[in-house]
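Remarks on the overall topology
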Amino acid sequence: MLLNRPRADALMDRDGIDAIVASTPINTYYLSSWATDASWGFGDLALALLPRDHAKEAAVLTVEVDTGQPQQRGGTWMRIVRGYARKPGIGAGGTQGALTSEGLPQNHPEAVADYLREIGLDRGSRIAFEDRGLGLDVAEMLGGAIEAVGARDFLRDIRMVKTPEEMGHMRAASRKTELALQISAEAIAAGATCAEAERVFWSAAALSGARPVFLLITPYRPGFGRLDKTAPLLPGDTITFDATCEFAHYTSDIGRTAVIGMPNAEQLRVFNATRLGWRAALPHFRAGALSTDVEKAVTGCIQAAGNPEFRGCGLHSVGLEHTDHPHANGGMHTFELVDGMVISCDLPWIGPDIGKFHFEDIIYLKDGEAEILNNPDGRLLACIDGRTVPVE
């Protein structure tokens, strides 16, 4: 199951939450494993309702036509799937129904309010809604008898600790991201421009069974600066990759650097400082540490390893979202590391006369250890004779 039910229970107890209502595809999928092409693609069809009391049935509430659609993966563990009316005349699984929607809830608030009544949570309950507006509508429909609170960051808090099923998806996403990135770099080694290599990445990710999400590919010429993506590349130019692919809706985030030809002594010096400093900093990634403290430790380790001009790094969790930890109002705030979370750390650096470098691994914190999910080799690639060669 994707849902970490013990963590959800603990956090619901902490905040006095009687039920959670998810309403975006990401969180409906997380709570219930419900994912049809319709509900995911249109984004406002399916909801999931998870009571704290395990004796009360959790439920998927979705437009009636969606109730019979094929699932993208194994389907929901929730036994209750209820339809509501979106338009008359469409029945379960897309069959033609009578031109009436009589007897069905007519919209999201009605569907949620009806189900809360059914399971006895319509009076005196504290319900966490991912969509606070939906929560206010439901509360009004129930005569103000429930307390509706926001749940967007509450759901992120639950999702920080990954289940074994989630980790299987994340390992696959990491593997497919680095594979697509590697093939993109091979295209550059064979003479492609960065614009052409970008298209290679999108194709390679899809061919591997992933969904390409993001590639920031940047060519840089020492002594000149950033190049256009269509510019021919010359020996000594550096190319940075910051790549993300999804598998089963779980994401990854990996950064690498390529050099046209063999890197020179200064390029090797600064990159080795990053590599050695990163290795020395890994013990700082532990449950209970604050993200900002870890960032300072990583920066200090890289400076001590031979690049005193390294100025900073960026830490964030990874999962169903690129930033999978609570971040109120979209801000990148300090967060506490927890056992079982997956983290990415951006390590960018630009030396105007040396080159632009990027280094980013995916790490999994588990039982006091920091496991690198991606292949730790090949962070620096030399493009030689039409192929890439890892430089370690």
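Structure report, in brief. (Residues numbered from 1 in each chain as written. Predicted model: local features only at pLDDT ≥ 70, side-chain atom pairs only at ≥ 80, totals over all residues. Heavy atoms only, no water.)

With that settled, consider the sheet that holds strand β12 (residues 314-317). Spatial ordering of the open sheet is given by β12-β13-β16-β17, a layout of four strands whose pairing is antiparallel. The sheet is open, and its two edges are formed by β12 and β17 (369-372), each paired on a single side. The sheet shows a mean angle of 30° between the axes of neighbouring strands, direction not considered. Across four bridges, strand β16 (residues 362-366) lies against β17 in antiparallel orientation. Bridging across to β17, I363 finds its partner in I372. Set on the sheet, helix α7 (residues 164-189) makes contact with β13 (342-346), β16 and β17; between it and β16 the angle comes to about 155°. (Pairing = 2+ DSSP bridges. Helix = DSSP H or I, 4+ residues; strand = E, 2+ residues; numbered from the N terminus. Axes fitted to C-alpha atoms, helices over the stretch in contact; angles between N-to-C directions. Contact = heavy atoms within 4.5 Å.)

Right, let's get into unusual backbone geometry. In this model, S33 sits at a positive phi of 65°, which is unusual for a non-glycine residue. Residue classification places S33 among the buried positions, given a relative accessible area of 12%. Phi is positive for H249, which is not a glycine, with a value near 75°. Examined against the element boundaries, H249 turns out to sit in the loop between β9 (238-247) and β10 (250-251). (Buried < 20%, exposed > 50% of the residue type's maximum accessible area, 1.4 Å probe, protein only.)

Here we come to the side chain of T177. Looking at the element boundaries, T177 is found in helix α7. Only 2.4 Å separates the side chain of T177 from the side chain of S252, close enough to count as a polar contact. If sequence neighbours within four positions are ignored, T177 has contacts with F201, A243, T244, C245, S252 and I254. (Polar contact = N/O pair within 3.5 Å; in protein donor to acceptor, adjacent residues only side chain to side chain.)

Attention now moves to helix α10 (residues 291-304). Over its 14 residues, α10 extends 20 Å from the first C-alpha to the last, a length consistent with the 20 Å expected when each residue adds 1.5 Å. A positive backbone phi angle near 135° is found at G306, which sits one or two residues after α10. (Expected span 1.5 Å × (residues − 1).)

Here the focus is the sheet that holds strand β1 (residues 19-22). Strand order across the open sheet formed by six strands is β4-β3-β2-β1-β5-β6, with mixed pairing between neighbours. Each edge of the open sheet is held by one strand with a lone partner, namely β4 (80-84) and β6 (147-150). Neighbour to neighbour, the strand axes of the sheet diverge by 20° on average, direction disregarded. Pairing analysis gives three bridges linking β1 to strand β5 (residues 126-129), with the strands arranged parallel.

By the definition in use, this model includes zero disulfides. In this structure C313 is not part of a disulfide, and its nearest cysteine sulfur, from C345, lies 3.9 Å away. (Disulfide = S-S within 2.5 Å.)

Bringing the pairing of strand β19 (residues 387-390) into the picture now. Bridge count between strand β18 (residues 380-384) and β19: four bridges; the pairing is antiparallel. Looking at the pairing, I384 lines up with R387 of β19. What sits between β18 and β19 in their antiparallel hairpin is a turn of two residues, with D385 showing a positive phi close to 50°.

Our focus in this paragraph is the side chain of T251. Relative to the helices and strands, T251 resides in strand β10. Accessibility expressed as a relative area gives 4% for T251, which makes it buried. Ignoring anything within four residues of it in the chain, the contact list for T251 reads M170, A173, T244, C245, E246, V318, G319, E321 and H322.

This brings us to the packing of helix α1 (residues 5-15) against helix α6 (residues 152-159). For any two helices packed against each other, one specifies the inter-axial angle together with the distance between the axes. Viewed as axis vectors pointing N to C, α1 and α6 meet at an angle of 140°, and their least axial separation amounts to 9 Å. The angle between the axes of α1 and α6 places the two elements in the oblique class. Judged by the twist between their axes, the crossing of α1 over α6 is right-handed. For the pair α1 and α6, the contacting residues are R7, A8, L11, M12, R14 and D15 in the first and F154, D157 and I158 in the second. (Parallel < 35°, antiparallel > 145°, perpendicular 65-115°, else oblique. Left-handed = near helix turned anticlockwise from the far one by under 90°.)

Before going further, it helps to examine a nonpolar patch on the surface. Residues V213, F214 and L216 make up a contiguous nonpolar surface patch of about 220 Å² in total accessible area. Position of L216 among the secondary structure elements: in strand β7 (residues 211-221). Its relative accessible area of 39% is what places L216 among the partly exposed residues. (Patch = residues over 30% accessible without salt bridge, like charges linked within 9 Å, V, L, I, M, F, W, Y side chains within 5 Å. Areas by Shrake-Rupley, 256 points an atom, 1.4 Å probe, with all protein chains shown as cover. Salt bridge = Lys/Arg side-chain N within 4 Å of Asp/Glu carboxyl O.)

On to the environment of I188, then. By the secondary structure assignment, I188 is in helix α7. Taking the C-alpha atoms as reference points, I188 and V200, separated by 12 residues in sequence, lie 9.7 Å from one another. Not counting residues up to four positions away in its chain, the partners in contact with I188 are T193, C194, A197, I217, L233, I239, F241, I260 and C383.

Next up on the list: the packing of aromatic side chains. Considering all chains together, one arrives at seven aromatic pairs under this definition. Relative to W202, the ring of F201 lies with its centre 5.8 Å away and its plane at 75°, an arrangement referred to as edge-to-face. With relative accessibility at 0%, the residue F201 sits in the buried group. An aromatic cluster is defined as three or more aromatic residues linked by ring pairs; in this entry it consists of F271, W278, F285, W349, F357 and F359. (Phe/Tyr/Trp six-rings, centres within 6.5 Å; stacked < 30°, edge-to-face > 60°.)

If you look at the biggest cluster of nonpolar residues, it comprises 60 residues, and the most contacted ones within it are I20, L31, I188, I239 and F241. At seven residues, α7 tops the list of elements feeding residues into this core. Here I20 is in contact with M12, L31, A48, L49, L50, A128, F154, L155 and I158, once residues within four sequence places are set aside. If you look at the next biggest cluster of nonpolar residues, it comprises 33 residues, including I343, C345, F357 and A382. (Core = buried A, V, L, I, M, F, W, Y, C linked by side-chain atoms within 4.5 Å.)

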